[in-house]
Amino acid sequence: MDKESNQLLGCEPIGKLMQKYAVPCIISLLVGALYNIVDQIFIANAAYLGSYGNAANTVVFPLTVVALALAVMIGDGCCAFVSIQLGKNETANAKKSVGNAVVMVVAISLILTALYLVFADGIIAMFGGTVNADTFHHSQVYFFYITIGIPFYMFGQAMNPIIRADGNPKFAMISTLAGAVLNIILDPIFIFTFRWGMMGAAIATVLGQAVTAILAVWYLLNMKIIRPQKKDYRLCGSICGRTLVLGITSFLSQISLVAAMAAINNMIRKYSVLDIVFGQEQYAQIPMAVVGIVMKFFQIVISIVVGMAAGCIPIVGFNMGAGHKLRVKELFTKLLTAEALVGAIALAMVEFFPHQLIAIFGAANESIYYTDFAVRAFRIYLCMMIFACINKACFIYLQAMGKALESTLLSMVREVVFGVGFALLLPLFFGLDGVLYSMPLSDLLTFVVAAILIRSIYKELNGGKII
């Protein structure tokens, strides 16, 4: 893609641009989410792992999200910065941002890997891995091998939005898809044929992530518009600062999810002991395994939602930089409508087909207590999916418009103030079920705040008038 074709962001029909940029981004994020989800599906259907392996996967999942949070902060921030600079025809700054982003993600990924390896057992315990001995053992094995792959994972995830900003969303999709396909092929071989258990699931994931990272390196060396030169890899404080500020919302939306999951996992561990059924040693891991599965379904839906919004970042950034506010307004309207539709479809699935959803995750190998709690969890925990989808779209759109502060505050309200707060508070009154009530209440109250910000966005894009 050349500079002239990049100018199409300012004149091509909005619907066509959304399809061109959002669909590959959705597929990329869905495929990225499938790494952990595919692991959990195969683990759950391996009788020798079952709910113990599922619980271990749930324990380790938020720790991979920490790596993702750091990667997307750099990648999404760079993507937004690059798009705005291209809209202003400042290509030199865009190239410098890419070079700086590469250096930052490599350095941070190596530091995180070292910290995880040194403090592994304490970190696992912090996220509820000590619910019983078998869960702790499986968590240790899975966490070790997943940690080895963190530099590959972070580099691939950070480069994905940067590749989209270079005008090649299809390659971003293909690079992620290649790694995920390899993971899907290797998982059953390592888990069922070789019987490597949690180690096999983790190794399959790491090999897939390595493929995605290698393809990202190749693209970095062959960029069309924003290929950095040697000088662009020298860190520049102002460029790094602006990149991180624009990406802070992506970071907080992910890292605050980690805080919420830590609170939820520990409340599950605490209140399971007080439950008549789950207080028994052989059933203690079930609530943690089930909530992990529910979160994985939520992750699939949110990947679609975030993919739609994040895929539009180059379009929004370019048009904001070029002063085309009416096009930004049109895109916002279409995006909100699409996000609400996705939420409605997801809501129908969890309310009417929970048995079919849990069957995918090996429910046939588990007790009736597992099935009953899973059905209740799906129907309660995800009952506000429509609001959750609109909230996520609003976070990212504000970020794409360059409104990092507003986006950050809204994200913090949802994930930390409400998410962590309700996860800690509600179990005091409702026991184990209080954990399930925390998310829908958080999304409902966040939507009230988001509605105010949505109104202000329209007011700005209409020149100060509400239409």
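See the structure shown above.
Since the model is a prediction, treat every value here as computed from it, not as a measurement.

Novice: Report on the overall build of the protein, specifying residues and quantitative values.
Specialist: What the protein contains, in helices and strands, is 19 helices and zero strands. Taken over C-alpha atoms, the radius of gyration comes to 22 Å for the protein, in line with the 23 Å a tight globule of 467 residues would show. Its C-alpha atoms give the protein principal-axis dimensions of roughly 65 × 50 × 35 Å. Burial analysis of the protein (467 residues in total) assigns 59% to the buried set. If you sum the accessible surface of the protein, you get close to 17,400 Å²; carbon and sulfur atoms cover 70% of it. For the protein, the separation between the mean place of its 30 positive charges and that of its 23 negative charges on side chains is 12 Å.

Novice: Describe helix H8 (residues 169–193), and please don't skip the residues or the numbers.
Specialist: One turn of the α-helix equals 3.6 residues, which is why residues spaced by three or four share an orientation. Taking 1.5 Å per residue, 25 residues should reach 36 Å; H8 reaches 36 Å between its end C-alpha atoms and fits that length. Bending of H8 peaks at approximately 30° at the position of Leu186, with proline Pro188 no more than four residues after it. Among the residues trailing H8, Arg195 stands out with phi positive, at a value near 55°.

Novice: Now, about the packing of helix H12 (residues 313–322) against helix H16 (residues 385–400): what can you tell me, with residues and values included?
Specialist: Contact geometry of H12 with H16 gives a least axis separation of 8 Å together with a crossing angle of 40°. Between H12 and H16, the angle falls in the class oblique. At the point where H12 passes H16, the crossing takes the right-handed sense. For the pair H12 and H16, contact is made by Ile313, Val316 and Gly317 and by Ile396, Tyr397 and Ala400, respectively. Its residues assigned to classes, the contact of H12 with H16 comprises five nonpolar, one polar and no charged.

Novice: An account of the side chain of Ser109 is needed here, citing residue identities and associated values.
Specialist: Relative to the assigned elements, Ser109 resides in helix H4 (residues 91–118). Classification of Ser109 by relative accessible area gives buried; the value is 2%. A polar contact of 2.8 Å, which involves the side chain of Ser109, links it to the backbone oxygen of Val106. If sequence neighbours within four positions are ignored, Ser109 has contacts with Ile150, Pro151 and Met154.

Novice: Requested: an account of the packing of helix H11 (residues 286–311) against helix H13 (residues 325–352), with residues and values cited.
Specialist: Two elements in contact, H11 and H13, have axes separated by 10 Å at closest approach and are oriented at 170°. Considered as vectors, H11 and H13 are oriented roughly antiparallel to each other. Counted together, Phe297, Val301, Ile304, Val305, Met308 and Ala309 of H11 and Leu335, Ala338, Glu339, Val342, Ala346, Met349 and Val350 of H13 form the full contact between these two elements. Of the residues contributing to the contact of H11 with H13, the split by class is 12 nonpolar, no polar and one charged.

Novice: Now, about the environment of Asp372: what can you tell me, with residues and values included?
Specialist: Locating Asp372 in the fold gives a position in helix H15 (residues 368–381). Separated by 55 residues in sequence, Asp372 and Gly317 place their C-alpha atoms 47 Å apart.

Novice: Which residues make up H11, and what are the values?
Specialist: End to end, H11 covers 37 Å across 26 residues, agreeing with the expected 38 Å (1.5 Å per residue, within 8%). Of all 26 residues that make up H11, 23 are buried, and the element is covered over most of its length.

Novice: Describe unusual backbone geometry, and please don't skip the residues or the numbers.
Specialist: We note that Asn89 has phi near 65°; this positive angle belongs to a residue other than glycine. Positive phi, normally seen in glycine, also occurs at Arg195, with a value near 55°. Residue position: Arg195 is located in the loop between H8 and helix H9 (197–220). For Arg195, a relative accessible area of 52% gives the class exposed.

Novice: Hey, could you go over a nonpolar patch on the surface for me, with residue numbers and the actual values?
Specialist: A cluster of nonpolar side chains, namely Leu177, Val181, Ile185, Ile189, Phe194 and Trp196, defines an oily patch on the protein surface of about 500 Å² accessible area. As for its placement among the helices and strands, Ile185 is situated in helix H8. Judged by relative accessible area, which is 48%, Ile185 ranks as partly exposed.

Novice: Quick one: what's the story with the nonpolar core, residue by residue and with numbers?
Specialist: Most often, soluble globular proteins have nonpolar side chains that are buried together. Ranked by size, the top nonpolar core spans 154 residues in total, and within it Met159, Ile226, Phe378 and Leu382 carry the most contacts. Element by element, the count of residues in this core is highest for helix H3 (residues 50–87), at 21 residues. Discounting chain neighbours no more than four positions away, the residues touching Leu382 are Val294, Phe297, Phe298, Leu347, Val350, Ala377 and Met439.

Novice: Describe the packing of aromatic side chains, naming the residues involved and giving the relevant values.
Specialist: Scanning all chains against the criterion turns up 16 aromatic pairs. Ring centres 5.0 Å apart and planes at 85° place the aromatic pair Phe144 and Tyr145 in the edge-to-face group. By relative accessible area, which is 41% here, Phe144 ends up partly exposed. Grouped by ring-pair contacts, the aromatic residues Phe171, Trp218 and Tyr219 constitute a single cluster. Positioned above the aromatic ring of Tyr48, the side-chain terminus of Arg195 is 4.1 Å from the ring centre. For the cation-ring pair, Lys296 lies above Phe61, with the distance from its terminal atom to the ring centre recorded as 4.7 Å.

Novice: Lay out the pattern of salt bridges in plain terms, naming residues and giving numbers.
Specialist: According to the stated counting rule, one finds four salt bridges in the structure shown. In this structure, the salt-bridge partner of Asp433 is Arg376, at a minimum N-O distance of 3.2 Å. With Asp433 in helix H19 (residues 432–461) and Arg376 in helix H15, the pair connects residues that are 57 residues apart, well separated along the chain. A relative accessible area of 33% means that Arg376 is categorised as partly exposed. The salt bridge involving Arg414 is made with Asp443; its shortest N-O contact spans 2.7 Å. Taken together, the residues span a long stretch of sequence, with Arg414 in helix H17 (residues 404–425) and Asp443 in helix H19 at a distance of 29 residues. Taken individually, Arg414 and Asp443 each receive the classification buried, so the pair is uniform in this respect.

Novice: Could you give an account of the side chain of Ser83, naming the residues involved and the relevant values?
Specialist: On the secondary structure map, Ser83 appears in helix H3. When its relative accessible area of 4% is taken as the criterion, Ser83 is described as buried. From its side chain, Ser83 meets the backbone oxygen of Cys79 in a polar contact 2.8 Å long. Discounting chain neighbours no more than four positions away, the residues touching Ser83 are Ala165, Ile313, Pro314, Gly317 and Phe318.

Thresholds applied
Residues numbered from 1 in each chain as written. Predicted model: local features only at pLDDT ≥ 70, side-chain atom pairs only at ≥ 80, totals over all residues. Heavy atoms only, no water. Helix = DSSP H or I, 4+ residues; strand = E, 2+ residues; numbered from the N terminus. Rg over C-alpha atoms; globule rule 2.2 N^0.38 Å. Buried < 20%, exposed > 50% of the residue type's maximum accessible area, 1.4 Å probe, protein only. Areas by Shrake-Rupley, 256 points an atom, 1.4 Å probe, with all protein chains shown as cover. Lys, Arg positive; Asp, Glu negative; His and termini not counted. Charge placed at Lys NZ, Arg CZ, Asp CG, Glu CD. Expected span 1.5 Å × (residues − 1). Bend = angle between axes of the 7 residues up to and from the residue. Axes fitted to C-alpha atoms, helices over the stretch in contact; angles between N-to-C directions. Parallel < 35°, antiparallel > 145°, perpendicular 65-115°, else oblique. Left-handed = near helix turned anticlockwise from the far one by under 90°. Contact = heavy atoms within 4.5 Å. Nonpolar A, V, L, I, M, F, W, Y, C, P; charged D, E, K, R; others polar. Polar contact = N/O pair within 3.5 Å; in protein donor to acceptor, adjacent residues only side chain to side chain. Patch = residues over 30% accessible without salt bridge, like charges linked within 9 Å, V, L, I, M, F, W, Y side chains within 5 Å. Salt bridge = Lys/Arg side-chain N within 4 Å of Asp/Glu carboxyl O. Core = buried A, V, L, I, M, F, W, Y, C linked by side-chain atoms within 4.5 Å. Phe/Tyr/Trp six-rings, centres within 6.5 Å; stacked < 30°, edge-to-face > 60°. Lys NZ or Arg CZ within 6 Å of the ring centre and 35° of its normal.

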